[in-house]
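Survey of secondary and tertiary structure
This is what each chain is made of:
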Amino acid sequence: MSANNPRAIKHTFKNRPTLEGAGVHLKRAIGFGDPYLFDPFLLLDDFHSDDPQQYLAGFPWHPHRGIETITYMLEGRVEHGDSLGNRGVISAGDVQWMTAGSGIIHQEMPKGDAQGRMYGFQLWANLPASHKMMAPRYQEIKSSRIPVVTRSNGTCIRVICGTIDGQQGPVRDIITDPQYLDVALPANSQFSHPTPRGYTVFAYVFEGVGQFGAQESTLENGSVILFTDGDQVQISTVGEGVRFLLISGKPIGEPIAWRGPIVMNSQEELRLAFDELQKGTFIKHG
Ligand code: FE
């Protein structure tokens, strides 16, 4: 294979309406079906709504262990608090990269903006066995710290994690070596981006329509595109622009035992986690 072997499309999916938390209506982009397909990623939720009744119930107190949850806001805000006493607000353009590790108990309450709009994403990244019980950690990134790369054809890329055109995103030192880009491509444009061989790469389209992969399949808003292996991804547009998340990471390749907000390697570890929740011994650090 040549060094410029572009990635083709392995699978495409459409997001699905899902009810989560205390009654939040969202669209799940990945996280149904085969949990190994997007390894190291487990889930991606799109919570875009102009109706506060669809999201105000929020995600009251719940635990996490064994994963990272990454929240990226476009509009509105989410108030959060946790068992360690951390409190904060994730506002439009901000990112919260939370490594649950050995365990946190938190709540996430969407509040919308003055017009009642809420727009954002939550991604779950798995942790390898060697790091599932690491101390919990937050990387709270304000919008102003996220570099915006603008190319000569008008393509605009917010770099949350990873490097593009020499600009490195502010989220660092993540175990699965992820890239997380928010790419807005104008009409009649092309975008290509190198991707490490062997890494899982997917795109989630949340505005417009584009041509994805080596075969230039046309995919619109609400589509998830999982790419085959290769050295780069190619996306182009014709009469309309497209905006998408482009996410990649190093596969973990370990057994996945997943129940609700806790993801471990074995059923025994899951039983232990839920047992500890009952006994009040779940929190190990902090
Ligand atoms: Fe959570």
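Quick summary incoming for the structure in this document. (Residues numbered from 1 in each chain as written. Predicted model: local features only at pLDDT ≥ 70, side-chain atom pairs only at ≥ 80, totals over all residues. Heavy atoms only, no water.)

**Concerning the sheet that holds strand 5 (residues 59-64)**
Strand order in the open sheet made by the four strands is 5-10-7-8, with antiparallel pairing throughout. Edge positions in the sheet fall to strand 5 and strand 8 (87-90), since each of these pairs with one other strand and no more. Taking each pair of neighbouring strands and ignoring which way they run, the sheet shows an average axis angle of 25 degrees. Bridging between strand 5 and strand 10 (residues 104-110) involves four bridges; their strand directions are antiparallel. Its bridge partner being in strand 10, F59 is matched across the sheet by E108. (Pairing = 2+ DSSP bridges. Helix = DSSP H or I, 4+ residues; strand = E, 2+ residues; numbered from the N terminus. Axes fitted to C-alpha atoms, helices over the stretch in contact; angles between N-to-C directions.)

**A short note on the pairing of strand 3 (residues 24-30)**
Judged by how many residues are buried, strand 3 sits mostly within the fold: five of seven residues are covered. Sheet analysis places strand 2 (residues 16-20) next to strand 3, joined by five bridges and oriented antiparallel. The partner of P17 across the bridge, within strand 3, is K27. Where strand 2 hands over to strand 3, the hairpin turn is made up of three residues, of which G21 adopts a positive phi near 60 degrees. As defined by bridge partners, strand 3 adjoins strand 4 (residues 41-46) across three bridges and the pair is classed as antiparallel. Considered in strand 4, the bridge of R28 is made with D45. (Buried < 20%, exposed > 50% of the residue type's maximum accessible area, 1.4 Å probe, protein only.)

**Points about the nonpolar core**
It is characteristic of soluble globular proteins that their nonpolar side chains tend to be buried jointly. With 28 residues, the main nonpolar core has L44, F121, Y180, F202 and L245 as its most contacted residues. No other element matches strand 11 (residues 119-126), which puts four residues into this core. The two domains that each donate at least three residues to this core are domain 1 (17-145 + 268-286) and domain 2 (147-254). Other than its neighbours up to four places away in sequence, Y180 contacts I70, Y72, W97, F121, L123, R158, V159, I160, C161, L245, L246 and I247. Counting residues in hydrophobic clusters, the runner-up holds 20 residues, among them L219, I225, F244 and L246. (Core = buried A, V, L, I, M, F, W, Y, C linked by side-chain atoms within 4.5 Å. Domains from an automatic or database assignment. Contact = heavy atoms within 4.5 Å.)

**Here's the deal with the coordination of the iron ion**
Every protein donor of the iron ion is accounted for by H62 (NE2), H64 (NE2), H106 (NE2) and E108 (OE), and the metal-donor separations fall at 2.1 to 2.3 Å. Geometry at the iron ion is irregular, judged from its four donor atoms and the angles of 87 to 174 degrees they form at the metal. Between consecutive donors of the iron ion, the numbers of intervening residues give the motif H-x1-H-x41-H-x1-E. (Donors = N, O, S within 2.8 Å, 3.2 Å for Na, K, Ca; no water. Tetrahedral: all angles 85-135°; square planar, octahedral: opposite > 155°, others 65-115°.)

**Quick word on the packing of aromatic side chains**
Considering all chains together, one arrives at 12 aromatic pairs under this definition. An angle of 55 degrees between the planes, with centres 6.1 Å apart, marks the rings of Y119 and F121 as tilted. Summarising the burial analysis for this pair, Y119 and F121 share the class buried. Through pairs of rings, three or more aromatic residues link up here, namely Y72, Y119, F121, Y180, Y204 and F206. Of note, R16 hangs over the ring of F32, and the distance from its end group to the ring centre comes to 3.7 Å. The positively charged end of R259 is found above the aromatic ring belonging to F274, 4.4 Å away from the centroid. (Phe/Tyr/Trp six-rings, centres within 6.5 Å; stacked < 30°, edge-to-face > 60°. Lys NZ or Arg CZ within 6 Å of the ring centre and 35° of its normal.)

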